[in-house]
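One letter stands for each residue in the lines below.
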Amino acid sequence: MRYHLGWVDSQLNPTNSNPGKLLRPTLLLLAYEAAGAWGLTDGRETSDAGYLQRALPAAVSVELTHNFTLIHDDIEDGDTERRHRPTMWTLWGVPQAINTGDGMFGLARFALWGVLENGVEGDIAARLGAVLDRTVLEIAEGQYLDISFERRLDISVSMYIDMIGRKTAALMRCSAEMGAMIGTRDADTIERLATFGQAIGVAFQVRDDLLGVWASAAESGKTRAGDVYRRKKSLPILHALEHANPQDLRTLQDIYQQEAEIKAEQVEQVLAIFERTQTRAYCQSFLQQHCDAAYEALNAVPHVNSTVSTRALGDMRTMVQFIEAAAH
Ligand SMILES: CC(C)=CCC/C(C)=C/COP(=O)(O)OP(=O)(O)O
């Protein structure tokens, strides 16, 4: 993939050796190119990558937004490690970590105005700000729902999908939508790419949910069935709770509500119930549906006479293929 993580990382923070996946800025830049990179047709194409400047402030902005939410998320969850490093609140204390997260959100908003210096018109810049603000509100709603689900077992699959749609997919949608808005004024193109972002966002989370239960330790670098050990309310358990027979349902309720830590044999019991409820197949088909929706959105992006756009659409398909692999 062209936007190799190191490339975007060097734009964001030259000293950061573990920046995370940088999925959102990558998505934003690809959507910008796919949408036509503001009239960059083959006849006008330049050999340098100067045209990317136009979208770069927004790419920085979505990554800063993501990192601000992670700083606050780690405080709320009490997590002590992220990306194999101590979380900010463990180093600086909760008050300063909250403050840093707030500052980072301010920085994300401030960085976005940089598009004005790179040739983006004022009305588009203002609308980019509105998309980002609406998205942050949606993420906060998603986080509210997620936290409120923690002590409950009566969460339906559709409630969960609504939650991840806001908490995880909203910023992916926002990234693709913003990139497209900087690349073109064509409403159809913007809508298709935004839809792509939403679909890939949900798919990405469900892939994580699948790997959290069924990836081998070697594949994921984590404990096998780690999400069952943590009793995480992800798609598999919510599907199983909806489809278990009465006896299995009681077993799941007992295990997920007990005060004591879950034992290895109870994890095996949960996995056996997942088998009986065909939960893995359900999650895989759910993932496939969202990957199909992502492909469909890409196929419907109006054609631009530009190799840059064609290449970006190809890279976005590669992204879907990577996520889709967890469905097989
Ligand atoms: C308003 C706030 C604070 C929003 C948090 C948004 C977010 C995507 C958190 C990480 O989710 P996660 O808990 O599923 O992921 P991880 O396991 O990486 O913490």
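For the protein chain, the name recorded in an unreviewed UniProt entry is Polyprenyl synthetase, with Dictyobacter halimunensis as its organism. Per UniProt, the protein chain carries the Sequence similarities (unreviewed entry) text "Belongs to the FPP/GGPP synthase family."

### Looking at the packing of helix H2 (residues 23-34) against helix H8 (residues 187-214)
Where H2 contacts H8, the two axes come as close as 11 Å, and the packing angle between them is 150°. Looking at the two axes, H2 sits roughly antiparallel to H8. Judged by the sense of rotation from one axis to the other, the crossing of H2 with H8 is right-handed. Each of Leu23, Leu27, Ala31 and Ala34 in H2 lies in contact with H8, whose residues at this interface are Leu193, Phe196, Ile200 and Phe204. Looking at the contact of H2 with H8 residue by residue, the class counts come to 8 nonpolar, no polar and no charged.

### Looking at the site of the ligand
In the vicinity of the ligand, the residues found are Thr69, Leu70, His72, Asp73, Glu76, Asp77, Arg82, Ile139, Gln143 and Lys167. The separation between an oxygen atom of the ligand and a polar side-chain atom of Arg82 is 2.8 Å. A distance of 3.3 Å separates an oxygen atom of the ligand from a polar atom in the side chain of Lys167. Expressed as a share of its isolated accessible area of 510 Å², the protein-covered part of the ligand is 75%. Mapped onto the shell around the ligand, the elements with two or more residues apiece are helix H3 (56-77) and helix H6 (122-149). If one sorts the elements of the shell around the ligand by residue count, H3 sits on top with 6 residues. Looking at the shell around the ligand, its residues break down into 2 nonpolar, 3 polar and 5 charged.

### A word on the nonpolar core
With 92 residues, the main nonpolar core has Met178, Leu193, Phe196, Val228, Phe274, Leu287 and Met316 as its most contacted residues. In terms of residues, this core owes the most to one element, helix H7 (residues 157-183), which gives 14 residues. Not counting residues within four places of it along the chain, the set of residues in contact with Met178 comprises Leu28, Ala58, Val62, Leu112, Leu128, Val131 and Leu132. Core analysis: the next-biggest nonpolar cluster, separate from the first, contains 8 residues, Leu64, Ile71, Ala97 and Ala108 among them.

### Describing the environment of Tyr229
As for its position among the elements, Tyr229 is in helix H10 (residues 226-229). Ignoring any residue separated from it by four or fewer positions in sequence, one finds Tyr229 in contact with Thr223, Arg224, Ile262, Ala264 and Val267.

### Section: the pattern of salt bridges
Taken as a whole and assessed by the stated rule, the structure comprises 17 salt bridges. For Arg134, the salt bridge identified is with Glu177, shortest N-O distance 3.3 Å. Placement of the pair is Arg134 in helix H6 and Glu177 in helix H7, with a sequence separation of 43 residues. Classification of Arg134 as partly exposed rests on a relative accessible area of 40%.

### Some words on the packing of H2 against H7
For any two helices packed against each other, the geometry comes down to the angle between their axes and how far apart the axes lie. Relative orientation of the contacting elements H2 and H7 amounts to 30°, with a least axis distance of 7 Å. One element, H2, and the other, H7, form an angle in the roughly parallel class. H2 and H7 meet at a crossing whose hand is right-handed. Contacts between H2 and H7 pair Leu23, Arg24, Leu27, Leu28, Ala31 and Tyr32 from the former with Leu171, Met172, Ser175, Ala176, Met178, Gly179, Ala180, Ile182 and Gly183 from the latter. The residue makeup of the contact of H2 with H7, split by class, is 11 nonpolar, 3 polar and 1 charged.

### Concerning the packing of aromatic side chains
As enumerated under the stated definition, the model contains 4 aromatic pairs in all. When the ring of Tyr32 is compared with that of Tyr51, the centres are 6.3 Å apart and the planes differ by 25°; the resulting orientation is stacked. Linking Tyr32 in helix H2 with Tyr51 in the loop between H2 and H3, this pair joins segments that are 19 residues apart in sequence. The pair Tyr32 / Tyr51 is uniform in exposure class, with both members buried. Residues Tyr282 and Phe286 carry aromatic rings whose centres are separated by 6.1 Å and whose planes lie at 40° to one another, so their mutual orientation is tilted. You can see Tyr282 and its partner Phe286 sitting in helix H14 (residues 279-299), 4 residues apart, about one turn around the helix. With relative accessibility at 24%, the residue Tyr282 sits in the partly exposed group.

### Some words on a nonpolar patch on the surface
A cluster of nonpolar side chains, Leu107, Phe110, Trp113 and Leu116, forms an exposed patch at the surface whose accessible area comes to about 430 Å². Relative to the helices and strands, Leu116 resides in the loop between helix H5 (94-112) and H6.

### A few points about H3
Over its 22 residues, H3 extends 32 Å from the first C-alpha to the last, a length consistent with the 32 Å expected when each residue adds 1.5 Å. Within two residues after H3, Gly78 carries a phi angle of roughly 70°, on the positive side.

Scoring rules and cut-offs
Residue numbers restart at each chain and count upward from 1, following the sequence in its written direction. Per-residue local features of the predicted model are confined to residues with pLDDT of at least 70, and side-chain atom pairs are confined, for both listing and counting, to 80 or more; whole-chain, interface and lining totals are unaffected and use all residues. In computing side-chain values, all of the structure's heavy atoms are included and hydrogens and water are not. UniProt positions are given in the numbering used here, feature names are shortened, and annotations may be inferred rather than shown by experiment. Fitting a line to C-alpha atoms yields each axis, with helices limited to the stretch in contact; the angle taken between N-to-C directions then spans 0 to 180 degrees. Each helix is a run of DSSP H or I of at least 4 residues and each strand a run of E of at least 2, with the numbering of both proceeding from the N terminus. Note that the term roughly parallel is reserved for angles under 35 degrees, roughly antiparallel for angles over 145, roughly perpendicular for angles of 65 to 115, and oblique for everything else. Note on convention: the crossing is left-handed when the near helix lies turned anticlockwise from the far helix by less than a right angle, right-handed when the turn is clockwise. For this analysis, residues touch if any pair of their heavy atoms sits within 4.5 Å. Gly falls in the polar group here, along with every residue not listed as nonpolar (Ala, Val, Leu, Ile, Met, Phe, Trp, Tyr, Cys, Pro) or charged (Asp, Glu, Lys, Arg). Nearness of a residue to a molecule or strand requires only that one of the residue's heavy atoms be within 4 Å of it. Counting of polar contacts relies on pairs of N or O atoms within 3.5 Å, with two restrictions inside protein: one atom must be capable of donating a hydrogen and the other of accepting it, and residues adjacent in sequence are counted only when both atoms are side-chain atoms. Accessible areas in this description were obtained via Shrake-Rupley with a 1.4 Å probe; residue shielding takes into account the shown protein chains only. Residues grouped as a nonpolar core are buried Ala, Val, Leu, Ile, Met, Phe, Trp, Tyr and Cys residues, joined through side-chain atoms within 4.5 Å. When a residue's accessible area, from a 1.4 Å probe over protein chains only, is under 20% of the maximum for its type it is buried; when over 50% it is exposed; and in between it is partly exposed. Between Lys or Arg on one side and Asp or Glu on the other, a salt bridge is scored when a side-chain nitrogen of the former is within 4 Å of a carboxyl oxygen of the latter. For Phe, Tyr and Trp, rings pair up if their centres lie within 6.5 Å, where Trp contributes its six-membered ring, and each pair is then called stacked (planes under 30 degrees apart), edge-to-face (over 60) or tilted (otherwise). The patch calculation keeps residues exceeding 30% relative accessible area without a salt bridge and links them within 9 Å when they carry like charges or within 5 Å when they are nonpolar (Val, Leu, Ile, Met, Phe, Trp, Tyr). One less than the number of residues in a helix, times 1.5 Å, gives the span that helix is expected to have.

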